[in-house]
Amino acid sequence: MSEKKIICDLCKIEMILSKVDLLYQDQKMNADLLKCPKCGQVYISEELVKNKMREVESNLEEK
Ligand SMILES: [Zn+2]
C-alpha cells in the first residue's frame, strides 16, 4: 500500500480506506478503496480498475 494521501475534491479532507461494493460486468465484488468519510465519494485509480478487470476476467475464464 502506498502512503500517498488522497484528498476529496469536494470536502478537502483526507479519504480513508474502506470496503466498497463494486459492480463490473454483472460481477459483484468488493474492494478496499479510498472513500471520503463525509460525502462518500470513492477514489478509483486507473491502475486499480485495470487490476480488477484482469482479476474478473481470469475468474470468468476459470468457469
Ligand atoms: Zn468528500
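Residues numbered from 1 in each chain as written. Predicted model: local features only at pLDDT ≥ 70, side-chain atom pairs only at ≥ 80, totals over all residues. Heavy atoms only, no water.

1. Structural notes on the overall build of the protein
Turning to step 1, where the next piece is worked out: Looking only at helices and strands, the protein has one helix and three strands in total.
Turning to step 2, where the next piece is worked out: In the protein, the succession of α and β elements from N to C terminus is β-β-β-α.
Turning to step 3, where the next piece is worked out: In terms of overall dimensions, the protein is more spread out than a globule: its C-alpha atoms have a radius of gyration of 13 Å, far above the 11 Å expected for 63 residues.
Turning to step 4, where the next piece is worked out: For the C-alpha atoms alone, the extent of the protein along its principal axes is close to 45 × 20 × 15 Å.
Turning to step 5, where the next piece is worked out: In the protein, which comprises 63 residues, the share counted as buried stands at 21%.
Turning to step 6, where the next piece is worked out: Sequence-distant contacts in the protein: of pairs separated by 6 or more residues, those separated by 24 or more amount to 29%.
Turning to step 7, where the next piece is worked out: Surface summary for the protein: the accessible area is close to 5,200 Å², and the carbon and sulfur share equals 50%. (Helix = DSSP H or I, 4+ residues; strand = E, 2+ residues; numbered from the N terminus. Rg over C-alpha atoms; globule rule 2.2 N^0.38 Å. Buried < 20%, exposed > 50% of the residue type's maximum accessible area, 1.4 Å probe, protein only. Contact = heavy atoms within 4.5 Å. Areas by Shrake-Rupley, 256 points an atom, 1.4 Å probe, with all protein chains shown as cover.)

2. Notes on the sheet that holds strand 2 (residues 27–35)
In sheet architecture, strand pairing relies on hydrogen bonds along the backbone and comes in two forms, parallel and antiparallel.
Turning to step 1, where the next piece is worked out: One open sheet accounts for three strands, arranged 1-2-3; its pairing is antiparallel. Edge positions in the open sheet fall to strand 1 (16–24) and strand 3 (42–43), since each of these has one partner strand only.
Turning to step 2, where the next piece is worked out: Two elements, strand 1 and strand 2, share nine bridges in a ladder whose sense is antiparallel. Note on strand 2: the bridge partner recorded for Tyr 24 is Gln 27.
Turning to step 3, where the next piece is worked out: Docked against the sheet, helix 1 (residues 46–62) engages strand 1 and strand 2, running at close to 160° with respect to strand 2. (Pairing = 2+ DSSP bridges. Axes fitted to C-alpha atoms, helices over the stretch in contact; angles between N-to-C directions.)

3. Brief notes about the coordination of the zinc ion
Turning to step 1, where the next piece is worked out: Around the zinc ion, the protein contributes the donor atoms Cys 8 (SG), Cys 11 (SG), Cys 36 (SG) and Cys 39 (SG), at 2.3 to 2.4 Å from the metal centre.
Turning to step 2, where the next piece is worked out: Note that the zinc ion binds four donor atoms; their angles at the metal cover 104 to 113°, and the shape is tetrahedral.
Turning to step 3, where the next piece is worked out: Of note, the zinc ion draws all its donor residues from one chain, in the sequence arrangement C-x2-C-x24-C-x2-C.
Turning to step 4, where the next piece is worked out: A relative accessible area of 38% means that Cys 39 is categorised as partly exposed. (Donors = N, O, S within 2.8 Å, 3.2 Å for Na, K, Ca; no water. Tetrahedral: all angles 85-135°; square planar, octahedral: opposite > 155°, others 65-115°.)

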